[in-house]
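Chain by chain, the residues:
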Amino acid sequence: MRYFTLLILVVCFFSLTKAQDVHFSQMKFSPFTVNPALAGLENDIRAIVNYRSQWNSVAAPFTTIGASYDMRFFESKNGGFLAGGLNFYHDVAGDMKMTTSNVNLNVAYHLAINSESSFGAAIQVGYAQRGIGTTDGNWESQYDGTSFNNNIASGESFGNMNFGHLDAGAGFVYNYDSRRNSSFSSEGFSLTAGVSAFHLNQPDYSFIVGGEDDLHMRIAGFLQSEFAIGDTKWELMPALYYQRQGGHQEIFGGTYFNYNIRTGSQRTGFVENFSIGYGAFYRFGDAFVNKLLITYSNYSLGFAYDVNVSSLTQATRARGGLEFMLRYVFDKSSRSRARID
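Residues numbered from 1 in each chain as written. Predicted model: local features only at pLDDT ≥ 70, side-chain atom pairs only at ≥ 80, totals over all residues. Heavy atoms only, no water.

## Thoughts on the overall build of the chain
Turning to step 1, where the next piece is worked out: Check the secondary structure of the chain and you find two helices and 14 strands.
Turning to step 2, where the next piece is worked out: When contacts within the chain are restricted to residue pairs at least 6 apart in sequence, long-range pairs at least 24 apart make up 59% of them.
Turning to step 3, where the next piece is worked out: Put simply, the chain shows about 15,900 Å² of open surface, and 60% of that area lies on carbon and sulfur atoms. (Helix = DSSP H or I, 4+ residues; strand = E, 2+ residues; numbered from the N terminus. Contact = heavy atoms within 4.5 Å. Areas by Shrake-Rupley, 256 points an atom, 1.4 Å probe, with all protein chains shown as cover.)

As structure tokens, this is what we get:
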């Protein structure tokens, strides 16, 4: 069993070196890993911090921290507006301490179609850096059929232990919201849909001398919606995400069931909104994801836990990843919105 686990880790390492992007299970709350055109769409000001740790039961955990900030800069008379955002993430993978760091600037413009609809486009430019903390690992070529033998030469020649590259992406988003005054109501609904492309320049991404491993372009699409269930205090927040990068793809979908314990005052702002929600999501062929979302006033706190159901279950014992999220939003027109943007 121990050797099976080590072999799984070798496979996982080589999958990472073939450049799959890091991502979070709370995708609604890591917007710039989904689409750069989400900058400024939902709030005048928004700040989010993310943390994820996974595969603790296998070996050294894979940990990712991320942060983003976006705001609206200029609003035209016809309702369109310019927005910008920054996002950052730092990922540390496994025993070899392979790191990936990325910082991006997102610039978006949202054109008002009418009082309920808008269309936005954005570009993303940034800089990324990769590194390996140690090369003292077990390699596929060192597996002798029974165990890993460190006396067998790995055959790997590292040319760059650390390197960086420029990065570029773009995205488009359509948004529709027919709810009254953007507040919790049984009337109307919101729908947001978008497509995006990351790593348009497809930079070289290999640590190995003579290696050919360009960072594949990642294509992503999503649908998100919010609507109340009749005249109750319940609200559904379904979402569907699709991503494809090289030979890898991900389909991830589900919904939050949100209960509005107290609806905030739109006029005085003296009464703060308070809600709690449970999210049930499934990443096809990989994991069930349970989520908890608590919102009070301008703050939201989120938790997610992946229950692994893939072939890796034998090594992980179904324990996937634990994730935390903290968000702050601010809107000039309404100090406290009842809905969850």
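There's more to say after this.
## Describing a nonpolar patch on the surface
Turning to step 1, where the next piece is worked out: Where nonpolar side chains cluster on the molecular surface, the patch consists of Phe73, Phe74, Leu82, Leu86, Leu105, Val107, Tyr109, Leu111, Ile123 and Val125 and spans about 910 Å² of accessible area.
Turning to step 2, where the next piece is worked out: Elements with a minimum of two residues in the nonpolar patch: strand S2 (62-75), strand S3 (81-93), strand S4 (98-112) and strand S5 (117-132).
Turning to step 3, where the next piece is worked out: Broken down by element, the nonpolar patch gets its largest block of residues, four residues, from S4.
Turning to step 4, where the next piece is worked out: Relative to the helices and strands, Leu111 resides in strand S4.
Turning to step 5, where the next piece is worked out: Relative accessible area serves as the criterion here: at 41%, Leu111 is assigned to the partly exposed category. (Patch = residues over 30% accessible without salt bridge, like charges linked within 9 Å, V, L, I, M, F, W, Y side chains within 5 Å. Salt bridge = Lys/Arg side-chain N within 4 Å of Asp/Glu carboxyl O. Buried < 20%, exposed > 50% of the residue type's maximum accessible area, 1.4 Å probe, protein only.)

## Remarks on the side chain of Glu250
Turning to step 1, where the next piece is worked out: Within the secondary structure, Glu250 sits in strand S10 (residues 248-262).
Turning to step 2, where the next piece is worked out: One polar contact links Glu250 to His23, side chain to side chain, over a distance of 2.9 Å. (Polar contact = N/O pair within 3.5 Å; in protein donor to acceptor, adjacent residues only side chain to side chain.)

## Quick word on the packing of aromatic side chains
Turning to step 1, where the next piece is worked out: A full pass over the atoms with the stated rule returns 14 aromatic pairs.
Turning to step 2, where the next piece is worked out: Their ring planes at 65° and their centres at 5.7 Å tell us that Tyr256 and Phe281 sit as a pair that is edge-to-face. Taken as a pair, Tyr256 in strand S10 and Phe281 in strand S11 (residues 274-283) lie far apart in primary sequence, 25 residues in all.
Turning to step 3, where the next piece is worked out: Residue classification places Tyr256 among the buried positions, given a relative accessible area of 2%.
Turning to step 4, where the next piece is worked out: Phe281 gets classed as buried once you look at its relative accessible area, which sits at 4%.
Turning to step 5, where the next piece is worked out: With a centroid separation of 6.1 Å and 75° between ring planes, the pair formed by Phe274 and Tyr296 is classed as edge-to-face. Here the residue Phe274 occupies a position in strand S11, and Tyr296 occupies one in strand S12 (residues 287-296), the gap between them amounting to 22 residues.
Turning to step 6, where the next piece is worked out: A relative accessible area of 28% means that Phe274 is categorised as partly exposed.
Turning to step 7, where the next piece is worked out: Linked through ring pairs, Phe29, Phe222, Tyr241, Phe252, Tyr256 and Phe281 together constitute an aromatic cluster.
Turning to step 8, where the next piece is worked out: Above the ring of Phe81, the side-chain terminus of Arg72 is found at 3.9 Å from the ring centroid.
Turning to step 9, where the next piece is worked out: Taking the ring centre of Phe252 as reference, the NZ or CZ of Arg283 above it sits at 4.9 Å. (Phe/Tyr/Trp six-rings, centres within 6.5 Å; stacked < 30°, edge-to-face > 60°. Lys NZ or Arg CZ within 6 Å of the ring centre and 35° of its normal.)

## Quick look at the pattern of salt bridges
Turning to step 1, where the next piece is worked out: Tallied over the entire structure, the rule returns twelve salt bridges.
Turning to step 2, where the next piece is worked out: Note that Glu226 and Lys28 form a salt bridge whose closest N and O atoms lie 3.4 Å from each other. Placement of Glu226 in strand S8 (residues 218-228) and of Lys28 in the loop between helix H1 (2-17) and strand S1 (45-54) is noted, with a sequence separation of 198 residues between them.
Turning to step 3, where the next piece is worked out: A residue is classified by how much of its surface remains accessible, and Glu226, at 3% relative accessible area, is buried.

## A few points about the environment of Gly66
Turning to step 1, where the next piece is worked out: Position of Gly66 among the secondary structure elements: in strand S2.
Turning to step 2, where the next piece is worked out: The class for Gly66 is buried, based on a relative accessible area of 6%.
Turning to step 3, where the next piece is worked out: It is 7.4 Å that separates the C-alpha atoms of Gly66 and Asn87, two residues lying 21 residues apart in sequence.
Turning to step 4, where the next piece is worked out: With residues near it in sequence (within four places) discarded, Gly66 still touches Phe24, Ile48, Val49, Asn50, Phe88 and Tyr89.

## Notes on the pairing of strand S6 (residues 162-177)
Turning to step 1, where the next piece is worked out: Here S5 runs beside S6; their pairing, made up of 15 bridges, is antiparallel. Across the sheet, the residue bridging to Gly120 is Val173, located in S6.
Turning to step 2, where the next piece is worked out: Both S6 and strand S7 (residues 190-198) contribute to a ladder of nine bridges, which runs antiparallel. Bridging across to S7, Tyr174 finds its partner in Ala193. (Pairing = 2+ DSSP bridges.)

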